[in-house]
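Take a look at the letters that make up each chain.
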Amino acid sequence: MQTIDLETFLAVADSGSFSRAAESLHITQPAVTKRIQNLENRLNTRLFDRIGKRVYLTDGGALLLPRARSLLAGMADTERLLRNLDSRIEGSLRLATSHHVGLHRLAPVLRAYSRAHPAVSLDIRFEDSEAAHELVRRTETELAVVTLNPAGDPELDCVPVWDDPLCFVVAADHPLVGRSGGALSLQELARHPVVLPGMATYTGRIVADLFESRDIALNPTLSTNFLETISMLVGIGLGWSVLPASMVGESLIALETNAPPLRRQLGHVTHPQRTASNAASAFLGILRDHADPEHASGD
C-alpha cells in the first residue's frame, strides 16, 4: 500500500466527500478517485459506498480506518526519530490552541520561538480546547496549548503551564453591583440572567459542577464557547458570567460571592506514544520559560 493512498483514504473518510478531500489535499477530484481505486484494487475490497453527494465507509473501510491511522502515525513517528538524530531545529510544527489562550497567553511565546528558530514553519490551528485534545489524541497535531481537562485525560500527557483564576463578572451598571448585604450567594446569582460557555466545554463544566454541588438549577439565557464574545455580552448588560480574572476591566466588574475560588489550568497537551520533533521539544522549552514559577520545571 502506498502512503499517499492511505492519506487520501483518511481524507475522504474524515470529510465524507471526495471533493472536500481533494480540496484539503490540494489535488483534483479525479486524482482522489484514482488513489482510492488503487487502494481498493490492492486490497480487493470496496472501501466506500457512494450515495448522492456523500460517501460512507463500507465494513472493509471501517476496518481499515483505525489501522490506516496507526500505520501513518507509526511512519511519521519513525521519520521523526530519524530526523531527531540530527540536532537541527527546522521543518514544520503543527500546533493547536484555543482563541483565548492564543490571544492572551501565546504571543510572547510565539515571538520568542520564531526569533530563536526561524527555520521552523508554524502551522497553528485555532480550536476549542476540547477539540484540540482530540486532535492530539488522533495525532493530527503534535501538541496543543489550551485549557486542560479538569478531570484529567489518561490517554494524553497534560502539563499545567499557567493557573487561570476565574471570577463572577457583570457589567458596571448591573443591579448586583453595589448591593448591600455582603457576599452574593449562588442562589441569588441563579435568579439573574447568565451567559456562560457551553456546558460541553471545560470552563462551562467547572461552573456547572459548582452549582450542581449545591443543588442549584442554572439555566443560561445565552451560551457561546468564545470568552471574548461572552465578555462583550456581559459588558452590555445581558447577564452575569464566570470569566478569567485577567479579563476584568473597565466594562466588567468582579462580584464578591460566597463560592469557593474557581480556577482552571492552562497548559500543553501531547501524545505519550508520539516522539516529539526537535521543533516541538524546543517549543516546549520556551513555553516553560514563560510558565508560572510553580510550573516552570514542567513537572
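Rules used throughout
- Residues numbered from 1 in each chain as written.
- Predicted model: local features only at pLDDT ≥ 70, side-chain atom pairs only at ≥ 80, totals over all residues.
- Heavy atoms only, no water.
- Helix = DSSP H or I, 4+ residues; strand = E, 2+ residues; numbered from the N terminus.
- Buried < 20%, exposed > 50% of the residue type's maximum accessible area, 1.4 Å probe, protein only.
- Contact = heavy atoms within 4.5 Å.
- Expected span 1.5 Å × (residues − 1).
- Arc of directions from axis to C-beta.
- Pairing = 2+ DSSP bridges.
- Axes fitted to C-alpha atoms, helices over the stretch in contact; angles between N-to-C directions.
- Parallel < 35°, antiparallel > 145°, perpendicular 65-115°, else oblique.
- Left-handed = near helix turned anticlockwise from the far one by under 90°.

1. With respect to the overall build of the protein chain
Secondary structure summary: the protein chain contains 11 helices and 11 strands in total. In terms of its C-alpha atoms, the protein chain occupies a principal-axis envelope of roughly 75 × 50 × 30 Å. Within the span of the protein chain, comprising 299 residues, buried residues form 44% of the whole. Sequence-distant contacts, at least 24 apart, represent 76% of the contacts inside the protein chain between residues at least 6 apart.

2. Focus: helix 3 (residues 29–43)
What sets the pattern is the α-helix's 3.6 residues per turn: residues three or four places apart point alike. The terminal C-alpha atoms of helix 3, which comprises 15 residues, lie 21 Å apart, in line with the 21 Å expected from a rise of 1.5 Å per residue. Inspection of helix 3 places Val 32, Arg 35, Ile 36, Leu 39 and Glu 40 among the buried residues, and these make up the whole buried set. Each buried residue of helix 3 lies within a common arc of 135° when the element is viewed along its axis, so the set occupies one face. Turned more than 90 degrees away from the buried face of helix 3, the exposed residues are Pro 30, Asn 41 and Arg 42. On its buried face, helix 3 is in contact with helix 1 (3–15), helix 2 (18–25), strand 1 (48–51) and helix 4 (59–83).

3. So, the pairing of strand 11 (residues 262–270)
Taken residue by residue, a regular strand's side chains alternate between the two faces of the sheet. Taking burial as the measure, the 9 residues of strand 11 include 7 buried ones, the bulk of the element. Bridge analysis of strand 5 (residues 143–147) against strand 11 gives 5 bridges, and the strand direction is antiparallel. If you follow Val 145 over to strand 11, its bridge partner there is His 268. Looking at chain direction, strand 6 (residues 157–171) and strand 11 are connected through 9 bridges and run antiparallel. Each residue of the ladder has a partner; that of Trp 162, found in strand 11, is Leu 266.

4. Details of the environment of Ala 31
Relative to the assigned elements, Ala 31 resides in helix 3. With 13 residues separating them along the chain, Ala 31 and Phe 18 place their C-alpha atoms 9.7 Å apart.

5. Some thoughts on the packing of helix 1 against helix 3
Taken N-terminus to C-terminus, the directions of helix 1 and helix 3 make an angle of 110°; their axes are 9 Å apart at the nearest point. Put simply, helix 1 runs roughly perpendicular to helix 3. The two elements helix 1 and helix 3 cross, and the hand of that crossing is left-handed. Mapping the contact onto sequence places Ile 4, Asp 5, Leu 6, Thr 8, Phe 9 and Val 12 in helix 1 and Val 32, Arg 35, Ile 36, Asn 38 and Leu 39 in helix 3.

6. Section: the pairing of strand 5
Across the 5 residues of strand 5, 5 count as buried, placing the element largely inside the fold. Inspection of the sheet shows strand 3 (residues 91–97) paired to strand 5 by 3 bridges, in the parallel sense. The residue of strand 5 that forms the bridge with Thr 97 is Val 145.

7. Remarks on the side chain of Ser 231
Within the secondary structure layout, Ser 231 lies in helix 10 (residues 227–235). If we skip the residues at most four places from it in the chain, Ser 231 touches Leu 243, Met 247 and Leu 252.

8. Things to note about unusual backbone geometry
In this structure, Asn 44 is a non-glycine residue whose phi angle is positive, near 55°. Looking at the secondary structure, you find Asn 44 in the loop between helix 3 and strand 1. Residue Asn 44 is classed as exposed on the basis of its relative accessible area of 72%. At Asp 215, a position not held by glycine, the phi torsion is positive, near 55°. With respect to the element layout, Asp 215 can be found in the loop between helix 9 (202–213) and strand 8 (222–223).

This is a description of form; function is not addressed.
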